[in-house]
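# Structural features, examined
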Amino acid sequence: MATYTPAELATTLKDGLLSFPVTAFDANLEIDEAGYRRHLDWQSSFGVAGLFAAGGTGEGFTLTPEESARVVRMAVEEAGDRVPVLGSAGGSTKQAILNAQDSEAAGAQGVLLLPPYLTECDQDGLFNHASAVCASTSTGVIVYNRANAIYSADTVARLADTHENFIGFKDATGDIEHLTRVYTKNGDRLFYLGGLPTAETFALPLLQLGMSTYSSAMYNFVPEFALDFYKDVRNQDHAAVTEKLKRFVLPYLDIRDRVAGYGVSIVKGGLKAIGRDAGSVRPPLQNLTEADLADLGALLTQAGLMPAAAAV
């Protein structure tokens, strides 16, 4: 398994597509180890730059700390020799520290720090939360700018000045003024990745704000399409990006937007449609209805993305 310093990890991640593998569950909604390992083996067989285990698309918000550590360890074992694997850290500061330390013990190269649980907080509170996690691990830490964790440009700079292993800024707000301030203040000290739902929709304009990469949920079930889309974005090929948006991404969003929480459910639906079922989602999410799943399958076929074996 290759190992990376935090700086080397940032260099590797910033110029390639990133993804968050779904966590496979069995009929009792327990972790399906064999199914998860099969999925990881398939996902790491393509040219993705990094895989984030137990993240949002991996339903990390439903995993116990013990399950999260297990999921990250399996990801490292199955994919770590081919692609950098990162874990996720969330909840309270103590839980986030535990997640980060468990991820490092499992062999992960870094963690994505999710917003702290529930409460509102000011910039000093956010700094102290993120700083404690950075100090708890020698691996790379990326903060997730969303919900109750909106890091100001000054707070990001303060973290960067304090912790060498603070390497990345992921955004799920799309606030152009805020992103401009963060990038202008911090420049190449960090790398920047898009994290809005179905990030392909925003990838080309956010590239102009310094976001050289993004996390692709659809990579889980259409990896070659997702990689081609990323290449078109980096080449700033507007015509190719627009064609792919029209052919698949925007109709896909129409299905995703039918029910709150479908952002994860539709990814597992896509895997089911192509014959790589990873099981159901855990509550509070719900699976796609049969009608929505049929519409997704029809869209995949119409877009030319349905594998021949699944189309039979």
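Look above for the structure.
Residues numbered from 1 in each chain as written. Predicted model: local features only at pLDDT ≥ 70, side-chain atom pairs only at ≥ 80, totals over all residues. Heavy atoms only, no water.

### Structural notes on the overall build of the protein chain
Going by this rule: Helix and strand definitions follow DSSP, with helices as H or I runs of at least four residues and strands as E runs of at least two, each counted in order from the N terminus. With the radius of gyration taken over C-alpha atoms, the globule rule is written as 2.2 Å times the number of residues to the power 0.38. A 1.4 Å probe rolled over the protein chains alone gives each residue an accessible area, and that area as a share of the maximum for its type sets the label: buried under 20%, exposed over 50%, partly exposed in between. Note on contacts: a residue pair is in contact if any heavy atoms of the two residues lie within 4.5 Å. When charges are counted, Lys and Arg are positive and Asp and Glu negative, with His and the chain ends excluded. Note that the charge is assigned to NZ on lysines, CZ on arginines, CG on aspartates and CD on glutamates.
Of the regular secondary structure elements, the protein chain holds 13 helices and eight strands. Over its C-alpha atoms the protein chain spans a radius of gyration of 18 Å, differing by no more than 12% from the 20 Å that the globule rule assigns to 312 residues. Relative to its 312 residues, the protein chain shows a buried fraction of 57%. Contacts in the protein chain between residues at least 24 apart in sequence constitute 72% of all its contacts with a sequence separation of at least 6. Mean positive and mean negative side-chain charge positions of the protein chain (24 and 37 charges, respectively) differ by 2 Å.

### Quick notes on unusual backbone geometry
With omega at 15°, the peptide bond leading from Pro-283 into Pro-284 counts as cis. Turning to its location among the elements, Pro-284 is positioned in the loop between helix 11 (262-273) and helix 12 (290-302). The phi torsion at Ala-147 lies on the positive side, around 50°, for a residue other than glycine. Positionally, Ala-147 belongs in the loop between strand 5 (140-145) and helix 6 (153-162). Of the residues examined, Ala-147 reaches a relative accessible area of 64% and is grouped as exposed. You will see that Thr-198, though not glycine, has its phi angle at about 50°, which is positive. The topology assignment puts Thr-198 in the loop between strand 7 (191-194) and helix 8 (203-207).

### Quick look at the layout of surface pockets
Take a probe with the size of a water molecule and roll it over the atoms, and the empty space left behind shows itself. For clarity, the threshold we go by: With a 1 Å grid laid over protein atoms only, a set of points is called a cavity when a 1.4 Å probe fits there but cannot get out and a pocket when it is open yet has protein on both sides within 12 Å along at least five of seven lines; lining residues have an atom within 4 Å of a point. Grid points are joined across faces, edges and corners, and a volume is the space filled by probe spheres set on the points. Ten residue types, Ala, Val, Leu, Ile, Met, Phe, Trp, Tyr, Cys and Pro, are classed as nonpolar, four, Asp, Glu, Lys and Arg, as charged, and the remainder, Gly among them, as polar.
The space that makes up the largest pocket amounts to roughly 980 Å³. Surrounding the largest pocket, 43 residues form its lining, Gly-56, Thr-57, Phe-61, Tyr-144 and Arg-146 being those nearest its centre. The class makeup of the residues in the lining of the largest pocket is 21 nonpolar, 19 polar and three charged.

### A word on helix 2 (residues 33-43)
An α-helical turn contains 3.6 residues, so any two residues separated by three or four positions project in the same direction. When helix 2 is considered as a whole, its buried residues turn out to be Gly-35, Tyr-36, Arg-37, His-39, Leu-40, Trp-42 and Gln-43. Buried residues along helix 2 sit in contact with strand 1 (18-19), strand 2 (50-52), helix 3 (65-79), helix 9 (223-234) and helix 11.

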